[in-house]
Amino acid sequence: MNFLRGVMGGQPAGPQPTGAETIQKLCDRVASSTLLEDRRDAVRALKSLSKKYRLDVGTQAMEHLVHILQTDRSDSDILGYALDTLYNIICNDEEEEQDESAQKQAEDMGVLFTDKFIQDPENVTLLLALLEEFDFHVRWPGVKLLTALLKNQCSQVQGVILVSPMGVSRLMDLLADSREVIRNDGLLLLQQLTKGNAAIQKIVAFESAFERLLDIITEEGSSDGGIVVEDCLLLLVNLLKNNSSNQNFFKEGSYIQKMKPWFEVGDDNSGWSAQKVTNLHLMLQLVRVMVSPVNPPGATSSCQRSMFQCGLLQQLCTILMATGVPADILTETINTVSEVIRGSQINQDYFASVNAPSNPPRPAIVVLLMSMVNERQPFVLRCAVLYCFQCFLYRNQKGQGEIVSTLLPSTIDTNSISAGQLLCGGLFSADSLSNWCAAVALAHALQDNLQQKEQLLRVQLATSMGKPPVSLLQQCTNILSQGSKAQTRVGLLMLLCTWINSCPIAVTHFLHNQDNIPFLTGQISENLGEEERLVQGLCALLLGICIYYNDNSLENYSKEKLKQLIEKRIGKENFVEKLGFITKHELYSRAAQRPQPTFPSQEHMLFDHEFTKLVKDLEGVITKAVHKSSEEEKKEEEVKKTLEQHDSIVTQYKELIREQDAQIQELREQVGTLAARSDTLETTVTQQQAQILQHKDQYNILKLKLGKGEPPGGGQGGGQGGGQCEGVPPMNGPQMEVLLLREELEELWTRHTLLQSQLEERDTLVNTLGSEALSPETSAGSEHSELTQAVLQELEVLKDQVQTQAAEISRLQTERQDLLQRAEAASSARVSSDEGSAAVAELESRLAAQTTETERLKEEVRVLAEGRAGQDQQLASSGSTAAILQAEKSRLETELLESRREQDDLLMLLADQDQKITCLRGRLRDLGETIDDEDDLDPRDPSEEEEEEDD
């Protein structure tokens, strides 16, 4: 302790130790002391010396400090001192640096100590474990130290954290800390952690980072918040930029909708603090990250649709038309709206309907174009408006037509300013930047739209009083010939190249002016300065387009004569060299990188992004067109015609092959249907045969039952009884009653006999039906002939289809021979012979395959026909028999039911008769009459049989 007092306190007598000696003694104290208090005091002393003697402390004490972190985990104070000391020797404190050399030396020292610390990855893992300590004196310096490590060696520390278990999750917990200083430094840590590492960005995003960050932004006041909102926005940009997975997760989580309240700036825009401008600028950048042109097209369009549906685009357009908005915010808003509507038809249509709050209201497009052609507006604002106009017309033929229509004579409104009038005014103004912007904007109105290129040829301009109007195309060439500024001429040449490209009518209009071609050849052939070589290259491109898309309608400027003119006046090699200078220009490469026109100054504003694509497509074809001779062109025309003929023949063959494929498929389906029907019929015949056997058994059983129910004849007793009554003398009242009863009894016997005979007739009929069911062959002939005829008709149809297909194949083979002869006749053209033989070979292979398939189908149909003949016999014996027996079975069942009903009626009558007879015998006995055995009317009555035995 005395030693520490000597270091920290007053100056003792004797020579003073140097800083390095003091640090060495402190390190020995840390390493050798057994008491925690002594080690703590030594580490605190090292902390106080770490800023002044950074190199010595870092060199001598780092290992001892790391050892303290490993062993003294229970004491938060010594941990905090050790972490602060490590932070001081690793962090680059820029505020204390005096000049650039000292700052560079400090940065190198920080990187050196960072490398030494992370040389053992366990040190970073130890630091992550210490961040779980809740104690403020441990957690806060741990966060700052890890942030400093990431600043100095980002990728190495990221790799260690990525492989550490729960490493990223521990850092995400910092956002939930209730102490704002730790949460805010945690944001800075996550900013460094997520730089350029997509894997860590995904892990952070799926650890609910979006929801936490948006909640913090809302709590801090959104755009009116402080530096914390800025840090959250920077972290969000890191997570989403160039990371399609996180962008999709952000969109699917409905976080785009939560961004809308950020842009509700209100009506009072007078007071904009610097922090609010920074926050809103980052918010706009975050929107642009979601709809950037470099993102996958599907992801961008989906985000654009979501921004329109939730009202975010509408809110941005409100800021766009608001007053009092700072210039840099307005510029960034214009750029943001540009990318939100780029390539999205629904967003472009909405933007076209937006009006500025003026009196009278004007379309937002017109207001923006007024700023673009106004030379008093800031340069970056004019570039932003041009980008917005380009994005509005990108893949928007409807918008292109609306812009061009404002230039046509029939739609010009003299009472209001239109977009076309502003573009023409900027095109011919004295400001070269306005000329360039208007020319590029008008070129985008014609991009990939042949109809609007032809419509724009109708535009006529009144140049001065008393002179006839001239076309817009001619006025552009007139300005070129007047020798204006290079920027103006470059813009006009880009407009003309875009205009006449792929439009032979526009080429004819351009060539119709006798002065245009001499002017172009004169410009190209001259030996001018370095800055004029770009204009010469664009003139060569324009002349090359006139050659390539020339329809030879003008005799004096046909393709051949233009090429002869180039060869005589310019030279083919010189022409190609001037043309190739365009793509070698530095500004060409810069413009080709991204669609947004970003230029450091007005002088660098020469190339447009879409025009660079056009040059890339045309340079090669124009070079070939210039070098081709007339004979080669004729051969190429012949080859093209031959190829067209080959293409037409191949197309016809393809159509025929498609038809044959369809017919083959249809035949296959028919064969499959017939096979299925055959199987079904076989199954049905088997089932019906089983049913017939079952019905036969049922019929035999019923027949046996009916045979047992026949009663014997019994009409004699009634006759004898009647004979006994003839000789009776006159009867009294009881005798008369007996006579009447006998007569009634005789009548009943007569009816009984009649019913018995009817029952016998029914039995005979049933027997007859059974015999007919057992011999059904008599009625099978007609149905067999009908079914056989139907099958034969189907087979004939199949045969006709196969024959038709065979005839078609024969015709195709004949046409193939004709094609071979024509191909041999055109063998002088190498391209024709190669491609023709390839096409014929391909057709031959396909025709051979079709012929093989047809033969196979013929064989299959023949086998089916033979099988059908064998099935005809079964169908004759089983199909017709089944149908007849089924009908006969139904009739027998009906007859059987009727017989049963009649038998039931007979039984009921017999029962009534028995009852009446019994009643009459009882009455006769009561009257004293004697009843003979013959009077027994029911031989089956057991009571009567007992009475006969008693007698």
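Residues numbered from 1 in each chain as written. Predicted model: local features only at pLDDT ≥ 70, side-chain atom pairs only at ≥ 80, totals over all residues. Heavy atoms only, no water.

Chemist: In this structure, what is going on with the overall build of the protein chain? I would like to understand it.
Modeler: Along the protein chain, the regular secondary structure elements total 41 helices and 4 strands. Taking all contacts inside the protein chain whose residues are at least 6 apart in sequence as the whole, residues at least 24 apart take part in 73%. (Helix = DSSP H or I, 4+ residues; strand = E, 2+ residues; numbered from the N terminus. Contact = heavy atoms within 4.5 Å.)

Chemist: What's the story with the nonpolar core in this structure? I'm lost.
Modeler: Side chains of nonpolar character tend, in soluble globular proteins, to be buried together. Counting 207 residues, the largest nonpolar core has Leu146, Ile161, Leu171, Trp262, Phe263, Phe351 and Leu541 as its most contacted members. In contact with Phe263, other than residues within four places in its own chain, are Leu280, Met283, Leu284, Val287, Leu312, Gln315, Leu316 and Ile319. (Core = buried A, V, L, I, M, F, W, Y, C linked by side-chain atoms within 4.5 Å. Buried < 20%, exposed > 50% of the residue type's maximum accessible area, 1.4 Å probe, protein only.)

Chemist: Looking at this model, I keep getting lost on the side chain of Asn396. Mind explaining?
Modeler: Assignment of secondary structure puts Asn396 in the loop between α22 (379-393) and α23 (397-405). In this view, Asn396 contacts Gln345 and Gln348; residues no more than four positions away in its chain are not counted.

Chemist: Teacher, can you tell me more about the packing of aromatic side chains here?
Modeler: We describe a pair of aromatic rings using the distance from one ring centre to the other and the angle between the two ring planes. Summed over the entire model, instances satisfying the criterion amount to 11 aromatic pairs. Between Tyr588 and Phe607, the ring centres sit 5.6 Å apart and the planes meet at 90 degrees, which makes this aromatic pair edge-to-face. Taken together, the residues Tyr588 in helix α34 (residues 586-591) and Phe607 in the loop between α34 and α35 (609-627) connect sequence positions 19 residues apart. Exposure class is identical for Tyr588 and Phe607. Each is buried. (Phe/Tyr/Trp six-rings, centres within 6.5 Å; stacked < 30°, edge-to-face > 60°.)

Chemist: Explanation requested: α22 in the structure shown.
Modeler: Residues lying three or four places apart along an α-helix face the same way, a consequence of the helix completing one turn every 3.6 residues. Compared with an ideal rise of 1.5 Å per residue, which puts 15 residues at 21 Å, α22 spans 22 Å between its outermost C-alpha atoms and is within 8% of the ideal. Taken across its 15 residues, α22 has 13 buried, putting it largely inside the fold. Arg395 lies just past α22 and shows a positive phi near 55 degrees. (Expected span 1.5 Å × (residues − 1).)

Chemist: Would you take a moment to explain the pattern of salt bridges for this structure?
Modeler: Close approach of charged atoms allows side chains of opposite charge to pair. Scanning all chains against the criterion turns up 17 salt bridges. Between Asp72 and Arg39 there is a salt bridge, with the nearest N and O atoms lying 3.1 Å from each other. With Asp72 in the loop between α4 (54-71) and α5 (76-90) and Arg39 in helix α3 (residues 36-49), this pair connects stretches of sequence that are 33 residues apart. By the burial criterion, Asp72 is buried, and Arg39 matches it. Residue Lys251 pairs with Glu252 through a salt bridge whose shortest N-O separation is 2.8 Å. Judged by relative accessible area, Glu252 falls into the exposed class, the value being 53%. Here the salt bridges share partners, and the residues they tie into one network are Arg139, Asp177 and Arg179. (Salt bridge = Lys/Arg side-chain N within 4 Å of Asp/Glu carboxyl O.)

Chemist: Just to check I follow, could you spell out the packing of helix α29 (residues 504-512) against helix α31 (residues 533-548) for this structure?
Modeler: The interhelical angle for the contact between α29 and α31, taken along N-to-C directions, is 115 degrees, at an axis separation of 9 Å. Here α29 and α31 pass one another in a crossing that is left-handed. Side by side, α29 and α31 meet where Val507, Phe510 and Leu511 of the first sit next to Leu542, Ile545 and Cys546 of the second. Of the residues that constitute the contact of α29 with α31, the class distribution is 6 nonpolar, no polar and no charged. (Axes fitted to C-alpha atoms, helices over the stretch in contact; angles between N-to-C directions. Left-handed = near helix turned anticlockwise from the far one by under 90°. Nonpolar A, V, L, I, M, F, W, Y, C, P; charged D, E, K, R; others polar.)

Chemist: Got a minute to help me understand a nonpolar patch on the surface in this structure?
Modeler: Residues Leu162, Val163 and Ile203 make up a contiguous nonpolar surface patch of roughly 250 Å² in combined accessible area. Examined against the element boundaries, Ile203 turns out to sit in helix α12 (residues 198-205). (Patch = residues over 30% accessible without salt bridge, like charges linked within 9 Å, V, L, I, M, F, W, Y side chains within 5 Å. Areas by Shrake-Rupley, 256 points an atom, 1.4 Å probe, with all protein chains shown as cover.)

Chemist: Would you mind going over the confidence of the model for the protein chain with me for this structure?
Modeler: Regions with low pLDDT should not have their predicted coordinates read in detail. For the protein chain, the average pLDDT comes to 81, and 75% of its residues sit at 70 or higher. Contacts from residues 826-837, a stretch scored under 50 in pLDDT, to residues over four places away or in other chains number 11 contacts. (pLDDT = per-residue confidence, 0-100.)

Chemist: What should I look at first to understand the packing of α3 against α5 in this one?
Modeler: Helices that pack against each other are described as a pair by the angle of their axes relative to one another and the distance between those axes. One can describe the packing of α3 onto α5 by two numbers: an axis separation of 9 Å at closest approach and a directional angle of 25 degrees. Relative to α5, the element α3 lies roughly parallel. Crossing angle aside, the handedness with which α3 passes α5 is left-handed. Only Asp77, Ile78, Tyr81, Ala82, Asp84, Thr85 and Asn88 of α5 make contact with α3, whose side of the interface consists of Leu36, Arg39, Arg40, Val43, Arg44, Leu46 and Lys47. (Parallel < 35°, antiparallel > 145°, perpendicular 65-115°, else oblique.)

Chemist: I would appreciate a short explanation of the environment of Ser32 in the present structure.
Modeler: With respect to the secondary-structure elements, Ser32 resides in helix α2 (residues 19-32). For Ser32, a relative accessible area of 54% corresponds to the exposed category. Within the structure, the side chain of Ser32 is placed 2.6 Å from the backbone oxygen of Asp28, a separation counted as a polar contact. (Polar contact = N/O pair within 3.5 Å; in protein donor to acceptor, adjacent residues only side chain to side chain.)

Chemist: I'm lost on unusual backbone geometry in this one. Help?
Modeler: Outside of glycine, negative phi angles account for most residues, and trans bonds account for most peptide bonds. That bond from Asn359 to Pro360 is cis: its omega, 0 degrees, falls within 30 degrees of zero. Relative to the helices and strands, Pro360 is located in the loop between β1 (355-356) and β2 (362-363). In this structure, Met166 takes a positive phi of about 60 degrees despite not being glycine. On the secondary structure map, Met166 appears in the loop between α9 (154-163) and α10 (167-172). Under the relative-accessibility criterion, Met166 is labelled exposed at 56%.

Chemist: Mind showing me how you'd approach helix α13 (residues 209-219) here?
Modeler: Considered for burial, the residues of α13 that qualify are Ala209, Phe210, Leu213, Leu214, Ile216 and Ile217. Here the buried residues of α13 occupy an arc of 160 degrees about the axis, which is enough to place them on one side. Along α13, exposed side chains directed more than 90 degrees from the buried face belong to Thr218 and Glu219. Next to the buried residues of α13 lie α10, α11 (180-193), α12, α14 (227-240), α15 (244-252) and α16 (274-290). Of the residues trailing α13, Gly221 is marked for its positive phi of about 105 degrees. (Arc of directions from axis to C-beta.)

Chemist: For this particular structure, what's the right way to read the environment of Leu381?
Modeler: Relative to the helices and strands, Leu381 resides in helix α22. Sequence-wise, Leu381 and Leu368 are 13 residues apart; in three dimensions their C-alpha atoms are separated by 9.6 Å. Apart from residues lying up to four places away in sequence, Leu381 is in contact with Leu330, Thr331 and Ile334.

Chemist: What is the right way to read the side chain of Gln390 from this model?
Modeler: Position of Gln390 relative to the elements: it lies in helix α22. Within the structure, the side chain of Gln390 is placed 3.0 Å from the side chain of Asp608, a separation counted as a polar contact. Beyond its immediate chain neighbours, meaning those up to four positions away, Gln390 contacts Val440, His444, Pro595, Pro597 and Asp608.

Chemist: Honestly, the environment of Leu193 in this entry has me stumped. Any pointers?
Modeler: Turning to its location among the elements, Leu193 is positioned in helix α11. When its relative accessible area of 0% is taken as the criterion, Leu193 is described as buried. Linking Leu193 and Leu146, residues 47 residues apart in sequence, is a C-alpha distance of 9.5 Å. Leu193 has contacts with Leu150, Gln158, Ile161, Leu171 and Ile200, leaving out every residue within four places of it along the chain.

Chemist: Would you mind going over the state of the cysteines with me for this structure?
Modeler: Note: disulfide means a covalent bond formed between the sulfur atoms of two cysteine side chains. Throughout the structure, instances matching the rule amount to 0 disulfides. Of the cysteine sulfurs around Cys383, a residue in no disulfide, the closest is that of Cys437, at 6.2 Å. Overall, the relative accessible area of 6% leaves Cys383 in the buried class. Between Cys539, a cysteine without a disulfide, and Cys497, which holds the nearest cysteine sulfur, the sulfur-to-sulfur distance is 8.4 Å. (Disulfide = S-S within 2.5 Å.)

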